[in-house]
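Given next are the chains, with one letter for each unit.
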Amino acid sequence: MSADLPDTPDRERRYSAPALEKGLDILEFLSECRDPQSLQQIGDGVGRTKGEIFRMVSVLAQRGYIERLEGDDRFRVTDRLFRLGMNRPVNRSLIEIALPFMNAFAEKTGYSCHLAVMSGTQIAVVARVESTSHIGFTVRIGYRQPLVLTGSGHCLMAFIGARRRHGLYEELRREDPWIDLDALDRNLDAVRAAGHVARPSGITEAVVDLSCPVIDRREGGAVAALTCPYLRTRQVPKEPAEILAALDEASRRISEIFSLD
């Protein structure tokens, strides 16, 4: 009998791997939780008993995909899956191209910057360069936040294709039925018209998110957002417009080379 069967929905349902599905359910559940979860909470979250998930949780912890809090009986995801994702050639290429321009930006302005990509309805920071001054604000690699709360998120949402944005809106609506998508759409229209984001941080008081898109011209949409968390200091008294100009130059250069890579 030939193994070359047509790919059909019936065939997809016929083949299952219960243990794998259980492990993925646990990882997906924990990745959506802001706080560490107990074994009981994980079981409730994935619709299984503690006995059903105990061995799977133990194996995931042994393999480094989740971790138990020291002195506690709660678990959270690690960044191992994130690091695996960053090994994809397209991500390695983007980071390798971006870092020289990010370093040049930091040298020129004295400000930090980071590169963020879209991960579901969140941003994920994949590269960063710290400020060259003694005082600066930066975020760690692997940092994640909802798209709607961050300048990077607004930049990414504004410059992806219309069809992809529509699908994203549906995901956002499922997560928050009360979200005002009309207001969000107006904000994104303004971002596209300006060509960049300049807005107060939705996470940190007194910080202004300055963000410019990295465009893959082959695909016609943003693949990343280059962002500077702007905080005016007396040591580096530069205005947002000056920082934005340098950020825009860096993002354009990254876009040009990435589109040719």
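The sections below set out a description of the structure shown in this document. Values in this document were obtained by computation on a predicted structure and should not be read as measured data.

Right, let's talk about the packing of helix α2 (residues 18-31) against helix α3 (residues 39-46) for a bit. Relative to each other, α2 and α3 sit at 105°, their axes nearing to 10 Å. Taken together, α2 and α3 sit at an angle that is classed as roughly perpendicular. Touching Asp25, Ile26, Phe29 and Leu30 of α2 are Gln41, Ile42, Gly45 and Val46, all from α3. Looking at the contact of α2 with α3 residue by residue, the classes come out as five nonpolar, two polar and one charged.

Moving on, we get to α3. Among the residues of α3, Leu39, Ile42, Gly43 and Val46 are the ones counted as buried. One side of α3 carries all its buried residues, which in axial view fall inside an arc of 100°. Of the surrounding elements, those touching the buried residues of α3 are α2, β1 (37-38), α4 (50-62) and β3 (74-77).

Okay, the environment of Thr49 next. For Thr49, the location among the structural elements is in the loop between α3 and α4. Residues Thr49 and Leu39, spaced ten residues apart in sequence, show a C-alpha to C-alpha distance of 9.1 Å.

The next subject is the pairing of strand β5 (residues 122-129). Taken residue by residue, a regular strand's side chains alternate between the two faces of the sheet. The element β5 is largely enclosed, with a buried count of six among its eight residues. Where strand β4 (residues 113-119) hands over to β5, the hairpin turn is made up of two residues, of which Gly120 adopts a positive phi near 65°. Here three bridges tie β5 to strand β6 (residues 144-146), and the two strands are oriented antiparallel to one another. For Gln122, the partnering residue across the bridge sits in β6 and is Pro146.

Quick look at the sheet that holds β6 now. Read across the sheet, six strands follow the order β6-β5-β4-β9-β8-β7 without closing on themselves; strand pairing throughout is antiparallel. Of all strands in the sheet, those bounded by a partner on one side alone are β6 and β7 (197-200). For this sheet, the mean angle separating the axes of adjacent strands, direction not counted, is 30°. The pairing of β4 with strand β9 (residues 221-230) spans three bridges and is classified as antiparallel. Directly across from His114, in β9, lies its bridge partner Thr227.

Once that is clear, we can look at unusual backbone geometry. Of all residues except glycine, most have a negative phi; of all peptide bonds, most are trans. A positive phi is found at Ala206, a non-glycine position, where the angle reads about 75°. By the element assignment, Ala206 lies in the loop between β7 and β8 (208-216). Overall, Ala206 belongs to the exposed group, its relative accessible area being 63%.

What follows concerns α2. Taking 1.5 Å as the rise per residue, α2 with 14 residues should run 20 Å; its terminal C-alpha atoms sit 20 Å apart, in good agreement. All buried positions along α2 are accounted for by Lys22, Gly23, Ile26, Leu27, Phe29 and Leu30. Buried residues along α2 cover an arc of 165° about the axis, so they all sit on one side. The exposed residues of α2 that point more than 90 degrees off its buried face are Pro18 and Leu20.

It is worth spelling out the sheet that holds β1 at this point. Judged by pairing direction, the sheet is antiparallel, and its three strands sit side by side in the order β1-β3-β2 without closing on themselves. The open sheet has two edge strands, β1 and β2 (66-68), and neither has a second partner. Sheet topology places β1 next to β3; two bridges connect them, and they run antiparallel. Each residue of the ladder has a partner; that of Ser38, found in β3, is Arg74. The strands that α2 touches are β1, β2 and β3; relative to β3, the one it contacts most, it runs at about 90°.

So, how was this worked out
Residues numbered from 1 in each chain as written. Predicted model: local features only at pLDDT ≥ 70, side-chain atom pairs only at ≥ 80, totals over all residues. Heavy atoms only, no water. Axes fitted to C-alpha atoms, helices over the stretch in contact; angles between N-to-C directions. Helix = DSSP H or I, 4+ residues; strand = E, 2+ residues; numbered from the N terminus. Parallel < 35°, antiparallel > 145°, perpendicular 65-115°, else oblique. Contact = heavy atoms within 4.5 Å. Nonpolar A, V, L, I, M, F, W, Y, C, P; charged D, E, K, R; others polar. Buried < 20%, exposed > 50% of the residue type's maximum accessible area, 1.4 Å probe, protein only. Arc of directions from axis to C-beta. Pairing = 2+ DSSP bridges. Expected span 1.5 Å × (residues − 1).

So far we have only geometry, and geometry alone does not tell us how the molecule works.
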